[in-house]
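# Tertiary structure, described
The primary structure of each chain is shown beneath.
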Amino acid sequence: MFGRKKDAQQIQGPLTEDSLRQWLVEHLAQRIEVPAADIDTQKSFESYGLDSRVAVQVSGALEKVVERRLSPGLLYEHQTIDDLSGYLAQELRLSRRTG
Amino acid sequence: MGAYNFPSAPDRAFEDFKRKSEQIEGERLAGAIPREFFEPRVGRGLLGFAVSWVLYIGALVGIAFSPHWLLWIPLWIVAGLGGWGLHCIAHDCGHGSFSRSRKFNFAIGHVSLLPLIYPFHAWRHVHNLHHSHTNNLELDTDWRPVPAALYDRMPLHEKVIYHGTRTWAFWGGTINYWRESGFRPSYFPKREARRDVRRSMVFVLAVMAAYFVPLIWFTGFTGFLIYFVAPWLATHAWFSATTLMHHSSSDIPYLTNEHWTRNASRLLVTTDFVYPKWLLFLTHNISIHTAHHVAPVVPFYNLQKAQRALKDAYPGMVREERVKVRQLSTIIRRLHFYDTESGFYTDFNRTRIAPADAKPVTVKTPS
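Residues numbered from 1 in each chain as written. Chains lettered and ligands numbered in written order. Predicted model: local features only at pLDDT ≥ 70, side-chain atom pairs only at ≥ 80, totals over all residues. Heavy atoms only, no water.

A tally of helices and strands in chain B yields 14 helices and 5 strands. Computed over its C-alpha atoms, the radius of gyration of chain B comes to 21 Å, within 12% of the 21 Å expected for a compact globule of 367 residues. With the principal axes as the frame, chain B shows a C-alpha extent of 60 × 50 × 45 Å. In chain B, of all internal contacts separated by at least 6 residues, the share reaching a separation of at least 24 is 73%. Carbon and sulfur atoms form 63% of the exposed surface of chain B, whose accessible area is close to 16200 Å². Between the centroid of the 40 positive side chains of chain B and the centroid of its 27 negative side chains there is a distance of 7 Å. (Helix = DSSP H or I, 4+ residues; strand = E, 2+ residues; numbered from the N terminus. Rg over C-alpha atoms; globule rule 2.2 N^0.38 Å. Contact = heavy atoms within 4.5 Å. Areas by Shrake-Rupley, 256 points an atom, 1.4 Å probe, with all protein chains shown as cover. Lys, Arg positive; Asp, Glu negative; His and termini not counted. Charge placed at Lys NZ, Arg CZ, Asp CG, Glu CD.)

Before going further, it helps to examine the pattern of salt bridges. Throughout the structure, instances matching the rule amount to 16 salt bridges over all chains. With a shortest N-O distance of 3.4 Å, Arg69(A) and Glu63(A) are connected by a salt bridge. You can call Arg69(A) buried: its relative accessible area is 14%. Overall, the relative accessible area of 9% leaves Glu63(A) in the buried class. With its nearest N and O atoms 3.4 Å apart, the salt bridge here joins Asp196(B) to Arg124(B). Remark: Arg124(B) occurs in helix H5 (residues 120–132) and Asp196(B) occurs in helix H9 (residues 191–247); sequence separation between them is 72 residues. Grouping residues by exposure puts Asp196(B) and Arg124(B) together as buried. (Salt bridge = Lys/Arg side-chain N within 4 Å of Asp/Glu carboxyl O. Buried < 20%, exposed > 50% of the residue type's maximum accessible area, 1.4 Å probe, protein only.)

Let's shift gears to the state of the cysteines. All names here are of chain B. A full pass over the atoms with the stated rule returns 0 disulfides over all chains. Unpaired in this structure, Cys88 has its nearest cysteine sulfur neighbour in Cys93, at a distance of 11 Å. For Cys88, a relative accessible area of 1% translates into the label buried. Looking at Cys93, the relative accessible area reads 1%, which means it is buried. (Disulfide = S-S within 2.5 Å.)

Turning our attention to the pairing of strand S1 (residues 271–274) of chain B. Residues and elements named next belong to chain B. Neither face of S1 is left uncovered, since the one carrying Thr271 and Phe273 and the one carrying Asp272 and Val274 both have all their residues buried. Where S1 and strand S2 (residues 319–322) come together, 4 bridges link them in parallel fashion. Bridging across to S2, Asp272 finds its partner in Glu320. (Pairing = 2+ DSSP bridges.)

All right, on to the packing of aromatic side chains then. All names here are of chain B. Within the structure shown, the criterion is met by 25 aromatic pairs over all chains. Plain terms: the ring middles of Tyr151 and Phe337 are 5.1 Å apart, the flat faces sit at 55° to each other, and that makes the pair tilted. Of this pair, Tyr151 sits in helix H6 (residues 148–152) while Phe337 sits in strand S3 (residues 337–338), and the two are 186 residues apart along the sequence. Across the pair, Phe337 and Tyr151 agree in class, each one buried. Here Trp168 and Trp171 contribute two aromatic rings whose centre-to-centre distance is 6.4 Å and whose plane-to-plane angle is 65°, an arrangement assigned as edge-to-face. On the accessibility criterion, Trp168 (64% relative accessible area) is exposed. Among the aromatic residues, those joined into a ring-pair cluster are Tyr211, Phe212, Phe221, Phe224 and Phe228. (Phe/Tyr/Trp six-rings, centres within 6.5 Å; stacked < 30°, edge-to-face > 60°.)

All names here are of chain A. At a closest axis distance of 12 Å, the pairing of helix H1 (residues 17–32) and helix H2 (residues 52–66) adopts a crossing angle of 140°. Taken together, the axes of H1 and H2 lie oblique to each other. Taken as a pair, H1 and H2 cross one another with a handedness that is right-handed. When H1 is examined against H2, the residues Leu20, Trp23, Leu24, His27 and Arg31 are found in contact with a partner set consisting of Val54, Gln57, Val58, Ala61, Leu62, Val65 and Val66. (Axes fitted to C-alpha atoms, helices over the stretch in contact; angles between N-to-C directions. Parallel < 35°, antiparallel > 145°, perpendicular 65-115°, else oblique. Left-handed = near helix turned anticlockwise from the far one by under 90°.)

Tracing the backbone shows Arg350(B) in the loop between strand S4 (345–346) and strand S5 (352–353). Contact partners of Arg350(B), with chain neighbours within four places excluded, come to Ala148(B), Tyr151(B), Asp152(B) and Phe337(B).

Here we come to the side chain of Asn136(B). All names here are of chain B. Looking at the secondary structure, you find Asn136 in the loop between H5 and H6. With relative accessibility at 1%, the residue Asn136 sits in the buried group. Polar contacts involving the side chain of Asn136 include one to the main-chain amide nitrogen of Glu138, which spans 2.8 Å. Leaving out residues up to four positions away in the same chain, Asn136 has contacts with Arg144, Tyr254, Leu255, Asn257 and Trp260. (Polar contact = N/O pair within 3.5 Å; in protein donor to acceptor, adjacent residues only side chain to side chain.)

Here we take up the side chain of Thr167(B). In this fold, Thr167(B) is placed in the loop between helix H7 (156–165) and helix H8 (173–182). Looking at Thr167(B), its side chain comes within polar contact range of the main-chain oxygen of His163(B), at 2.6 Å.

Right, let's get into the confidence of the model for chain A. Residue and element names in this part refer to chain A. Per-residue pLDDT for chain A averages 82, and the proportion of residues at 70 or more is 85%. Across chain A, element-level confidence peaks in H1 with a mean pLDDT of 91 and bottoms out in helix H4 (residues 81–98) with 76. Segment residues 94–99: pLDDT under 50, and 1 contact once partners within four positions in sequence are set aside and those in other chains are kept. (pLDDT = per-residue confidence, 0-100.)

Next up on the list: a negative patch on the surface. Among the surface-exposed residues, Asp11(B), Glu15(B), Glu22(B) and Glu25(B) lie close enough to one another that they form a single negatively charged patch. Summarising the element assignment, Glu25(B) is placed in the loop between helix H1 (12–23) and helix H2 (42–65). (Patch = residues over 30% accessible without salt bridge, like charges linked within 9 Å, V, L, I, M, F, W, Y side chains within 5 Å.)

So, on to the nonpolar core. Membership of the largest hydrophobic core comes to 96 residues, with the highest contact counts inside it found for Ile33(B), Ile117(B), Tyr118(B), Phe228(B), Leu267(B) and Leu310(B). For this core, the element with the highest residue contribution is H9(B), accounting for 16 residues. The contacts of Ile33(B), once residues within four sequence positions are left out, are Phe38(B), Ala291(B), Val294(B), Ala295(B), Val298(B), Ala306(B), Ala309(B) and Leu310(B). Grouped together as the second largest cluster of nonpolar side chains are 25 residues, Ile11(A), Val58(A), Leu62(A) and Leu74(A) included. (Core = buried A, V, L, I, M, F, W, Y, C linked by side-chain atoms within 4.5 Å.)

Printed below as a string of structure tokens:
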């Protein structure tokens, strides 16, 4: 009832495109149980065997990191870590500018 | 490459909507509403708060002294109207339009949501998500239809809930939202929101304990059902019917990110229902909804004036209809799925529902 599941790991320091990319690498590595060094940020999420349920979970965890609502289909719209972190960095800058 | 490049075969109705949406692009819509309408009058707000509590408690007293159980039914509807009115007061508190004091707004908001046992901040943060994503196919939190293909992939219990709340059990739609997000801090992306929600939960749980224990002690389980559960259900029925009707219309599309714009989400996607004066008074003008979406900071007693200013500035853009039971019945019989081809609706048989020719009706708002 209290939904006290452990919060997704937060990013230490400022939120930047690089720190987001790093978070995605570590999160993905943890999910599919491989060392972070084996993750290629240009390879599609699908090629890592992420099914739609996990893709929605990742976008849910990412919501906590960037502190805003994200589309559950985000990992389909932006299919690699580089693409996704680039998109988010752009979106977040936008939101900062417009307040 | 987007996952949601709908509608795949937009017809004229969708193009018409897009044209309207483009017409208002870049406009500062709230600028059409004179600033003086943003000023709260706390006394008027408190009058609304008192009226709704009197209605709610009065109906409960009525039940206690009622000579026959058949009278309970209309009294539950009245209690529900009181509880719904209180929600509408909490609604102003959540938008900061009840008073200039944030603390006072939060206090009144918490107390007003007690008939619904809804933790105020949980409701407030979800409601803000609804405002910032109204009619967004992916991100709106209220009454968002899903594509039939998505429904097919849902687990059975989700199918049952979706099917029920879009048809015969529409009155339980807001109970489902309450169940999903009312007591679940992890639902919220922002850390401060999660902290707020935990605090509101503590308040609601404490009041539940302080109220339910003596209620059950003195009136038994039956008393709990007739004095709390039935009015709670009735309040949700008002809550569900009203919000479903505001945000479901055969000629108003839900939009993917590609087509969704902030201005269209504020001005073009809600339907306002014209209520009889007494109902408008008891529901604190909640049905005057477009002006509210354009400028949520307008207090409820100024919404009629704000709506007039908006209609003058954007003629033909505000959708208004006289309220009829038929409209609700059309929604629950026909508007079930998001149609990925047209951008509007299909029913559960996957038959496309033609967008009704809904020219805005000119309605004189009472002054």
